[in-house]
Amino acid sequence: MFDPPAAPSLPIAGATERFPVRRVHCIGRNYAAHAIEIGHDPDREPPFFLLKNPDNLASSGESPTPTQTSDVHHGAEPAVVLRPGSTNIAVDAAFDHVLGYALALDMARRDLQGAMMTAGRPWEIGKAFERYAPIGPVHPVALVGHPAQGARAVRVNGTLRQEGDFAQMIWNVPEMISHLSAYVALGAGDVILSGTPSGDAPVQPGDLMDVALDGVASLSVRVV
């Protein structure tokens, strides 16, 4: 009936090829301090996930202000980028399925998300919207390894807003891959956003968000 839209894809550091995105999985409340910050128990409860749409990812360096909200927050999250996956992946085999890592901002309409949480409804209306998951290039494992720790910081207009470390994750990368693969078949092109530390805060049009992850990547995004 019509020409299909181009498949969403991400640039790859040091390569001319691009990474075609299949699905985007987001782990919820994966940092104890952030769980407390939004009113939840920081204990190591089983991880849970929600979906963003592949075309929510945007590598343009700009984030449009979404509609129907007055409370948009930033959340810095390393993205785990998968090559061919499987089901029921063992924890000790999970790194075999990782192509690389990228630095992303999982933006949220917190007012809408909060209303959905209170009503016991899905969060997607607050998390999955057009071009509001800014992301940088994929950095292959061959270049950056598998970071077990690494400081992460978000500055908005030069002011430090959010900081954390890979080592503070409640569920580490192999554990989240293993757990998720017990429920869905992971595959080439899947992206997992690994959670955000405490300190996410509102942004306004014109704000510049600068994100850095030691030893991996940096990312600058303007709210437009």
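What you see is a predicted model; the values in this text were computed from it and never measured.

A. Looking closely at the overall build of the chain. On a plain count of helices and strands, the chain comes out with five helices and 17 strands. Over its C-alpha atoms the chain spans a radius of gyration of 16 Å, differing by no more than 12% from the 17 Å that the globule rule assigns to 224 residues. With respect to the principal axes defined by its C-alpha atoms, the chain has extents near 45 × 40 × 40 Å. Evaluated residue by residue, the chain yields a buried proportion of 48% over its 224 residues. In the chain, the share of contacts with a sequence separation of at least 24, taken over all contacts with a separation of at least 6, comes to 75%. Of the accessible surface of the chain, which amounts to about 10,200 Å², a share of 54% is contributed by carbon and sulfur atoms. Separation between the mean location of the 16 positive side-chain charges and that of the 24 negative ones in the chain comes to 3 Å.

B. How the structure looks around the sheet that holds strand E14 (residues 159-165). Strand order across the open sheet formed by five strands is E6-E17-E16-E13-E14, with mixed pairing between neighbours. Two strands lie at the open edges of the sheet, namely strand E6 (62-63) and E14, each paired on one side alone. Sheet topology note: the strand E13 (residues 151-156)/E14 ladder contains six bridges and is antiparallel. Residue pairing in the sheet places Arg155 in a bridge with Leu160 of E14.

C. Structural view of the side chain of Gln162. Among the structural elements, Gln162 can be located in strand E14. Here the side chain of Gln162 touches Ala76 through a polar contact of 3.3 Å, landing on its backbone nitrogen. One polar contact links the side chain of Gln162 to the main-chain carbonyl oxygen of Pro197, over a distance of 2.9 Å. Filtering out sequence-adjacent residues up to four positions away, Gln162 remains in contact with His74, Gly75, Ala76, Arg152, Ala153, Val154, Thr196, Pro197, Ser198, Gly199 and Asp200.

D. Representation of the sheet that holds strand E3 (residues 23-27). In spatial order, the strands read E4-E3-E15-E8-E9-E12; together these six strands make up an open sheet with mixed pairing. The sheet is open, and its two edges are formed by strand E4 (49-52) and strand E12 (139-140), each paired on a single side. Here three bridges tie strand E8 (residues 76-82) to strand E15 (residues 190-193), and the two strands are oriented antiparallel to one another. Across the sheet, the residue bridging to Val81 is Val191, located in E15.

E. Just the pattern of salt bridges, in detail. As enumerated under the stated definition, the model contains five salt bridges in all. Linking Lys127 and Asp106 is a salt bridge whose minimum nitrogen-to-oxygen distance equals 2.9 Å. Here Lys127 is found in helix H3 (residues 124-127), whereas its partner Asp106 is found in the loop between strand E9 (98-105) and strand E10 (108-109), with 21 residues between them in sequence. Between Arg110 and Asp200 there is a salt bridge, and its shortest N-O distance comes to 3.2 Å. Taken together, the residues span a long stretch of sequence, with Arg110 in helix H2 (residues 110-119) and Asp200 in the loop between E15 and strand E16 (208-213) at a distance of 90 residues. Per residue, the accessibility class of Arg110 equals that of Asp200, and both read buried. Several salt bridges converge on common partners, so that one network encompasses Arg22, Arg23 and Asp190.

F. Quick peek at the nonpolar core. In terms of nonpolar packing, the biggest core is built from 37 residues, with Val80, Ile177, Val203 and Met209 touching the most fellow members. Those elements that provide at least two residues to this core are E8, E9, E13, helix H5 (173-181), E16 and strand E17 (217-223). Those residues in contact with Ile177, other than ones at most four positions away along the chain, are Val80, Leu82, Ile89, Ala94, Val98, Leu186 and Ile192. Formed by 18 residues, the second largest nonpolar core is a distinct cluster that contains Val24, Ala79, Ala104 and Leu193.

G. Focus on unusual backbone geometry. Of note in this structure, Gln68 is not a glycine but carries a positive phi near 60°. Among the structural elements, Gln68 can be located in the loop between E6 and strand E7 (72-73). Exposure remark for Gln68: the relative accessible area of 66% places this residue in the exposed category. Non-glycine residue Asn88 carries a positive phi angle of around 50°. Among the structural elements, Asn88 can be located in the loop between E8 and E9.

Basis of the calculations
Residues numbered from 1 in each chain as written. Predicted model: local features only at pLDDT ≥ 70, side-chain atom pairs only at ≥ 80, totals over all residues. Heavy atoms only, no water. Helix = DSSP H or I, 4+ residues; strand = E, 2+ residues; numbered from the N terminus. Rg over C-alpha atoms; globule rule 2.2 N^0.38 Å. Buried < 20%, exposed > 50% of the residue type's maximum accessible area, 1.4 Å probe, protein only. Contact = heavy atoms within 4.5 Å. Areas by Shrake-Rupley, 256 points an atom, 1.4 Å probe, with all protein chains shown as cover. Lys, Arg positive; Asp, Glu negative; His and termini not counted. Charge placed at Lys NZ, Arg CZ, Asp CG, Glu CD. Pairing = 2+ DSSP bridges. Polar contact = N/O pair within 3.5 Å; in protein donor to acceptor, adjacent residues only side chain to side chain. Salt bridge = Lys/Arg side-chain N within 4 Å of Asp/Glu carboxyl O. Core = buried A, V, L, I, M, F, W, Y, C linked by side-chain atoms within 4.5 Å.

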